[in-house]
Amino acid sequence: MSEKAKKKERRLPAFNPRYIVTLALAALIFFMNIPMVGKCYSPFVYNDEMGYWMHAAELAGLDWRGVSETVGWYSYGYSLLLLPLVKLISDTVLLYRAALVMNIIMDEICYFMFIYIIRRLFPKLEILPASVVAAAGMLYTSYQFNSGVAFSETVLLLAATIVTLLIVRIMQKPTYINAVSLGLFSVYMYMVHNRTIGIVASVVFVLAAAVVCKKIKLSHGGAFMLALTAGFIADKLIRRRLVSALWSSGSSGNDAGTVFEKMKIAFSSASGLYKLIGVMSGQIFSISAGTFCLVLFALLIMAKRGATGLYNARKAIKGGKKLFETADSRFFMFLFIFCAFISTYFISCIFMIDFQRIDHILYTRYFDIVVGLLIMIGIIFLFEADKRDVLIMMFIPFIMRLGASGVSRILPLVEDQVFNKVCAPPICKLFEENHQYFHGFISYSLSWFFALAAISCMLRWKKLCIYLCSAICAVLFTVNTPSAQLAITVNQEAYEGDRALCARAKELPEKQIYVIRDAGTFISFLQYEMHDIRVEVTEDPDAISEEGYIFAPNSDLIELMGHEIIDRSDRHIIYSTSKTETDSINIPLDLMNVFDTECYIPSEDVINSSEEFNYLCYGPGLRLAEGSYSFMLDMSFSGYYGDDEIGYAEISSDAGETIYAHEEITADMLGKDGRLELDLDAELETETEKAEIVVYLYEPESISARLRSIEVKTEG
């Protein structure tokens, strides 16, 4: 080849005006995701997010070891990307938002890789329809949601997409660079989260099949395995270093070992197998409903085409052809995507076999990283559908019905009948509208699926159906996204008072900071907010000898009686470690719950009744140890007392199921000025987590009441 020809070959391709559409869609994806950044201030998915920030802080030289034992093991691949941010940014709000911007940049990279991949899977697809269908895949509800949370899902999407792209590359152009890169990125994906062991296994399986079929050389497969082995050794060493630094007693959870342990549980008993089948039904039903059955359709057509390809290859070999002559590179590309989804889906079901909430059965988060590819493939398959594919479409309602039945059968076994939106973003809107009426899910998803199928049948000219179906999917995904994003905004708002409390704590004279172990996920929140200040976890505040500050939930107000209150938020209180002997404490009335916020008067620290509500107040959910307690309520009443029965006051827990003290309030108990000092004596034989003080009025429209103070005395 002449020097002139070489220069021409190296020259960048000429700019195609159609690239403007590609860039415009990339900008659209960016600007649709960026508004969420301004609504976020700190992590909220605990302890998931903290697991990744913990490693980054350790590698950046911050001392978060005081709280690390309270967080399970989360792998460190994402932490490597967070590391430079932690090193460069000390402002915690800016730090978190920088991580979210990084998420959006990763989404943009995935978008361009989606275009590359889909054009290799379908070689006749031009850049314009490929760009539109890739945008539909990238606007999938889960991807929009995940860009607003600093946990591993977006970088997992990036890593899985890179691995898919490298599979495509090595099948088209088997080189040592591609083979080694595939091995290294497979390990990195595993470093981000060990649940991707299924995708790594899929890579090994597909490459082994390609070597057998002589699509790639054995030496290329060897280069891949060498890189993969070296990467796993490096992973083992890095993990050992982080575990020894952060978990003196050893780490647990969220690793490949957990998968195999739960697999044994699933297959060791009939009940375990029953649960596994129920979870498998629920998760495939959930992802099908959330993607208008496109994912289910794509999987069925891929299985059909794969089986057809194998059958034709077998016939060709019998006819005298060599194995490598019958193998199609695209077959291996589709085989990898199919295996990657199935393996990750199976691992997700195994992880959720000990389900405790509804969303564990309808979980999509683990395999969402492959769903964008399947959405694109499903749309193109609709465009290419023949008569046999139409027959397969007819099975989809039956499969959805089976999935709904499986979910309904397993739901009675769920302990906590709640739905966490973080775990299944694509069906959040459906769950809001239908709750556990799963026929509503079926009607919604099948209506849109057959509408897309009809459009694909009628508008094949110039591939118009691809544009229209992609646009419809993008719009539907975007419409469904705000319901999922409520999980972000609501939680960010819930931590507003605690963020302000932490900011004020940084202004206090420098002392050691402690947090009560029972504070739960607030421990992680506190350490993130304090950033370069070490936080220690304590189980016994009274045993602390040095001066410092103790963060504790409002519920520990009685437990920490005698410790001076330094500052507080709506949910947590800062105490001094020093303690004075006392047997009484006044409960701040702003901690009590009222149905009308105007009933609490901050300037007077009193609670007034409302004519619209029977409850004067209730709360604040105190933790009370076994012992004797006296609650003195200082109240005043005015108005018409009727037949002398005014209301009642009580100390209770478990939403009124357990009553420790109850007193009817009658007119003859009041002084001439309407004042009443009511003593409620409660004897607790066991500890309670959520003791409530309740004041109830029988006729609030004819009598007004005012709560002036609540004093609690204890005898231990």
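Nothing here was measured: the structure is a model prediction, and the numbers come from that model.

(A) Representation of the packing of helix α14 (residues 294-318) against helix α18 (residues 368-384) within the structure. Direction vectors running N to C along α14 and α18 enclose 70 degrees, while the axes themselves pass 8 Å from each other. As judged from the angle between their axes, α14 and α18 are roughly perpendicular. Where α14 crosses over α18, the handedness of that crossing is left-handed. Taken together, the residues of α18 that come into contact with α14 (itself represented by Leu294, Val295, Phe297, Ala298, Leu299, Ile301, Met302 and Arg305) are Val371, Leu374, Ile375, Ile377, Gly378, Ile379, Phe381, Leu382 and Glu384.

(B) Geometry of the packing of aromatic side chains. Scanning the model with the defined rule gives 38 aromatic pairs in all. Aromatic side chains Trp53 and Tyr96 sit 6.4 Å apart centroid to centroid with 35 degrees between the ring planes, which places their arrangement in the tilted category. Residue Trp53 is located in helix α3 (residues 48-60), and its partner Tyr96 is located in helix α5 (residues 92-121); the two are separated by 43 residues in the primary sequence. Judged on exposure class, the residue Trp53 and its partner Tyr96 are both buried. Look at Phe122 and Phe334: their rings are 5.7 Å apart centre to centre, the planes differ by 75 degrees, and that puts the pair in the edge-to-face class. Residue Phe122 is located in the loop between α5 and α6 (127-138), and its partner Phe334 is located in helix α16 (residues 329-351); the two are separated by 212 residues in the primary sequence. Judged by relative accessible area, Phe122 falls into the buried class, the value being 3%. Assessed through its relative accessible area of 13%, Phe334 is described here as buried.

(C) Geometry of a negative patch on the surface. Negative charge collects at one region of the surface, where Asp583, Glu626, Glu677, Asp679, Asp681, Glu683, Glu685 and Glu715 lie side by side. Mapped onto the secondary structure, Glu626 falls in the loop between β9 (615-624) and β10 (627-639). Given a relative accessible area of 55%, Glu626 falls into the exposed group.

(D) Examining the state of the cysteines more closely. Counted under the stated rule, the structure contains 0 disulfides. Among the cysteines around Cys339, which has no disulfide bond, Cys213 carries the closest sulfur, lying 13 Å off. Its relative accessible area of 17% is what places Cys339 among the buried residues. Here Cys457 stays unpaired: no disulfide links it, and the sulfur of Cys465, its closest cysteine neighbor, is 9.3 Å away.

(E) Seen up close, unusual backbone geometry. Residues Gly619 and Pro620 are joined by a peptide bond in cis, for which omega reads -5 degrees. Mapped onto the elements of the fold, Pro620 is located in strand β9. Of note in the backbone geometry, Phe292 takes a positive phi value of approximately 55 degrees without being a glycine. With respect to the secondary-structure elements, Phe292 resides in the loop between α13 (270-290) and α14. The residue Asp654 is not glycine, and still its phi comes out positive at about 55 degrees. With respect to the element layout, Asp654 can be found in the loop between β11 (645-653) and β12 (658-666).

The rules behind each value
Residues numbered from 1 in each chain as written. Predicted model: local features only at pLDDT ≥ 70, side-chain atom pairs only at ≥ 80, totals over all residues. Heavy atoms only, no water. Axes fitted to C-alpha atoms, helices over the stretch in contact; angles between N-to-C directions. Helix = DSSP H or I, 4+ residues; strand = E, 2+ residues; numbered from the N terminus. Parallel < 35°, antiparallel > 145°, perpendicular 65-115°, else oblique. Left-handed = near helix turned anticlockwise from the far one by under 90°. Contact = heavy atoms within 4.5 Å. Phe/Tyr/Trp six-rings, centres within 6.5 Å; stacked < 30°, edge-to-face > 60°. Buried < 20%, exposed > 50% of the residue type's maximum accessible area, 1.4 Å probe, protein only. Patch = residues over 30% accessible without salt bridge, like charges linked within 9 Å, V, L, I, M, F, W, Y side chains within 5 Å. Areas by Shrake-Rupley, 256 points an atom, 1.4 Å probe, with all protein chains shown as cover. Salt bridge = Lys/Arg side-chain N within 4 Å of Asp/Glu carboxyl O. Lys, Arg positive; Asp, Glu negative; His and termini not counted. Charge placed at Lys NZ, Arg CZ, Asp CG, Glu CD. Disulfide = S-S within 2.5 Å.

No statement about biological role is implied by the geometric values presented.
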